[in-house]
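# Examination of the molecular architecture
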Amino acid sequence: MDKIVSLCRRRGFVFPSSEIYGGLGSTYDYGHYGVLMKNHIRSLWLRAMVQERDDIVAIDSAIILNPAVWEASGHVAGFSDPLIDCRTCKLRFRADRLEDAQCGRKPSKRPGEFSECDLTEPRQFNLMFETQVGAMEDGSSKAYLRPETAQGIFINFKNVSQLARRKPPFGIAQVGKSFRNEITPGNFLFRVREFEQMEMEFFVPPAEAEQWYRYWIEQRYSWYTGLGIRESMLRVREHDESERSHYSSGTSDIEYQYPIGWQELEGVANRGDYDLTQHTKASGTKLEFVGQEGDRYTPYVIEPAVSIERIFVAMLCEAYDEEVVGERERTVMHLHPLVAPVKAAVLPLVPRDEGMSSRARALFEELRRRHTVEHDDSGQIGRRYRRQDEIGTPWAFTIDDQTLEDETVTVRDRDSLSQERLPISGVAAWLDDALQREWRSPKT
Ligand code: GAP
């Protein structure tokens with residue numbers, strides 16, 4: 001993980017936030033390549049979830065909702081982790097994760113194992129961030145930053161099912177920031193307090209819930225392998241009853257083998273009719289499906305939920321490689337071309353040469369209308385290739401002497417390092433086509 005963090009910083013993907021003020025633990029800002037890569041992940045998810053389907057629509061709900069939403073959903077009473085304080089080192093630990101924690105005084109030991117440790121009894125710590133709405137600072141103005149995007153979907157069930165004229169099975173998808181005051185954030189972006197969730201609530205007739213639950217586990221697993229994550233690095237793990245959230249009647253995690261071990265990448269849950277029933281009771285508005293013949297029922301909900309951060313880290317870990325090529329070491333990110341921040345670089349071999357420079361600029365202008373591409377004319381060509389390898393750019397088009405003679409360019413492949421020549425007039429179509437091709441990780 002240290003190597004990934006260092007590359008992210010060096011190449012401007014992600015930096016520690018508020019750095020000039022000493023930072024704010026486990027909070028990060030995204031630089032140019034990080035933003036591009038996050039945008040690609042978000043659009044690929046929306047493409048698979050909304051654009052390519054007839055049965056899912058999108059929504060964008062508010063971050064700060066009426067606090068009654070969180071009372072009804074069970075978050076005010078139950079969205080908490082058990083917390084233990086150490087009176088000696090003043091650190092806080094999750095009581096259910098003590099085996100993964102380090103003692104503040106003796107990092108070689110776990111909390112409680114060192115003779116000076118003085119641990120409190122566990123107490124429940126609610127993970128929701130509180131805020132105030134309006135100028136009054138009394139209890140009546142208390143509100144919360146949402147800890148999941150899902151509730152913004154449930155409370156809009158009636159609006160969407162009526163206005164979008166949907167009947168189960170159908171889904172509502174949302175992407176947006178969620179906030180959790182995690183007791184022990186860490187491992188880079190893996191567990192942070194502010195993250196971008198991508199959740200889809202799929203409403204189904206109760207009798208079909210199990211079938212759709214299995215269907216969504218399979219769909220989401222395939223989405224990852226389709227984006228180049230090796231099957232050997234992915235697994236599905238079903239929660240036992242004691243692990244499940246208060247609303248769940250079945251949950252499976254799609255886990256990725258991060259450098260910190262097998263961890264949840266995405267969760268797929270069968271939430272039953274818990275949420276719609278709770279909001280119906282608390283709001284007095286019936287959230288149910290009413291059929292043409294007057295038949296009515298409360299749909300069950302199947303929910304695939306993930307954060308861009310967890311995907312981002314998994315993709316980076318999956319891509320990172322160090323290789324020796326012709327006695328030289330290179331660090332290369334074998335990112336899936338659709339996820340790579342920059343799809344292609346346009347490089348004039350000799351930037352001073354007017355003919356090469358103008359052709360490179362014209363090609364760059366043509367390609368940038370369709371894709372995120374980069375024009376780089378600074379430094380030796382070898383260094384420019386290595387820079388593109390480190391940010392994971394799948395292809396580089398080089399304009400050289402031969403281009404001036406026959407209007408062809410070299411295309412260099414990041415993974416195989418093979419080079420071939422193409423007519424400059426066909427580069428845009430070649431790139432469109434290359435981005436549609438199936439891609440497999442060269443890592444074994
Ligand atoms: N609506 C259900 C829900 O929020 P969750 O398992 O608590 O369930 C869903 O979260 C997903 O959100 C996780 O699988 C993970 O991808 C992501 N996630 C949760 N907490 C996170 C955190 N602190 N930092 C980054 N991602 C997080």
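Structural notes, computed from the coordinates.

Thresholds applied
Residues numbered from 1 in each chain as written. Predicted model: local features only at pLDDT ≥ 70, side-chain atom pairs only at ≥ 80, totals over all residues. Heavy atoms only, no water. Buried < 20%, exposed > 50% of the residue type's maximum accessible area, 1.4 Å probe, protein only. Helix = DSSP H or I, 4+ residues; strand = E, 2+ residues; numbered from the N terminus. Pairing = 2+ DSSP bridges. Patch = residues over 30% accessible without salt bridge, like charges linked within 9 Å, V, L, I, M, F, W, Y side chains within 5 Å. Areas by Shrake-Rupley, 256 points an atom, 1.4 Å probe, with all protein chains shown as cover. Salt bridge = Lys/Arg side-chain N within 4 Å of Asp/Glu carboxyl O. Near = heavy atom within 4 Å. Polar contact = N/O pair within 3.5 Å; in protein donor to acceptor, adjacent residues only side chain to side chain. Nonpolar A, V, L, I, M, F, W, Y, C, P; charged D, E, K, R; others polar. Axes fitted to C-alpha atoms, helices over the stretch in contact; angles between N-to-C directions. Parallel < 35°, antiparallel > 145°, perpendicular 65-115°, else oblique. Left-handed = near helix turned anticlockwise from the far one by under 90°. Contact = heavy atoms within 4.5 Å.

### Overview of the pairing of strand β22 (residues 408-413)
Most of β22 sits out of view: 6 of its 6 residues are buried. Residues Thr 408, Thr 410 and Arg 412 of β22 are buried on one face, and the alternating residues Val 409, Val 411 and Asp 413, pointing to the opposite face, are buried as well. Strand direction decides the pairing type here: β22 and strand β23 (residues 419-423), joined by 5 bridges, are antiparallel. Its bridge partner being in β23, Arg 412 is matched across the sheet by Gln 419.

### Regarding helix α11 (residues 381-391)
For an α-helix, 3.6 residues make a turn, and residues three or four places apart therefore share a direction. Taken as a whole, α11 has its buried residues at Arg 384, Tyr 385, Gln 388, Asp 389, Glu 390 and Ile 391. Just past α11, the residue Gly 392 takes up positive phi, approximately 85°.

### Notes on a nonpolar patch on the surface
Judged by side-chain polarity, Ile 63, Ile 64 and Val 133 come together as a nonpolar surface patch covering roughly 220 Å² of accessible area. As for its placement among the helices and strands, Ile 63 is situated in the loop between β3 (56-58) and α3 (67-73).

### Some words on the site of the ligand
In the vicinity of the ligand lie 21 residues, with Glu 148, Arg 180, Val 192, Glu 199 and Glu 264 positioned nearest. One of the side-chain N or O atoms of Glu 199 is found 2.4 Å from a nitrogen atom in the ligand. Taking Leu 265, its main chain carries an N or O atom lying 2.8 Å from an oxygen atom of the ligand. Burial of the ligand by the protein amounts to 91% of the accessible area it has alone, namely 550 Å². Of all the elements, strand β13 (residues 261-272) adds the most residues to the shell around the ligand, at 5 residues. Looking at the shell around the ligand residue by residue, the classes come out as 8 nonpolar, 3 polar and 10 charged.

### What to know about the sheet that holds strand β21 (residues 395-399)
Spatial strand order, β20-β19-β21-β22-β23: 5 strands in an open sheet with mixed pairing. The sheet is open, and its two borders are formed by β20 (373-375) and β23, each paired with just one other strand. Each strand of the sheet is rotated relative to its neighbour by a mean of 25°, with strand direction disregarded. Bridge analysis of β21 against β22 gives 4 bridges, and the strand direction is antiparallel. Paired with Ala 396 across the two strands is Arg 412, which belongs to β22.

### Regarding the sheet that holds strand β5 (residues 92-94)
Consider a sheet: its strands pair through backbone hydrogen bonds, and that pairing is either parallel or antiparallel. Strand order in the open sheet formed by 3 strands is β5-β4-β6, with antiparallel pairing between adjacent strands. Looking at which strands have only one partner, the edges of the open sheet turn out to be β5 and β6 (123-126). With direction set aside, neighbouring strand axes in the sheet form an average angle of 50°. Here 3 bridges tie strand β4 (residues 80-85) to β5, and the two strands are oriented antiparallel to one another. The residue bridging Leu 83 from the neighbouring strand is Arg 94, located in β5.

### Looking at the packing of helix α10 (residues 354-368) against helix α13 (residues 427-436)
As a packed pair, α10 and α13 sit with axes 10 Å apart at the nearest point and diverge in direction by 45°. When the axes of α10 and α13 are compared, the pair comes out oblique. In the crossing of α10 with α13, the sense of the turn from one axis to the other is right-handed. For the pair α10 and α13, contact is made by Leu 363, Glu 366 and Leu 367 and by Val 427, Ala 428 and Leu 431, respectively. For the contact of α10 with α13, the residue count by class is 5 nonpolar, no polar and 1 charged.

### Overview of the side chain of Glu 318
On the secondary structure map, Glu 318 appears in helix α9 (residues 308-319). Accessibility expressed as a relative area gives 5% for Glu 318, which makes it buried. A distance of 2.6 Å separates polar atoms of two side chains, one belonging to Glu 318 and the other to Arg 230. Those residues in contact with Glu 318 that sit more than four places away from it in its chain are Gly 228, Ile 229, Arg 230, Met 233, Tyr 256 and Lys 443.

That is the geometry; function is a separate question.
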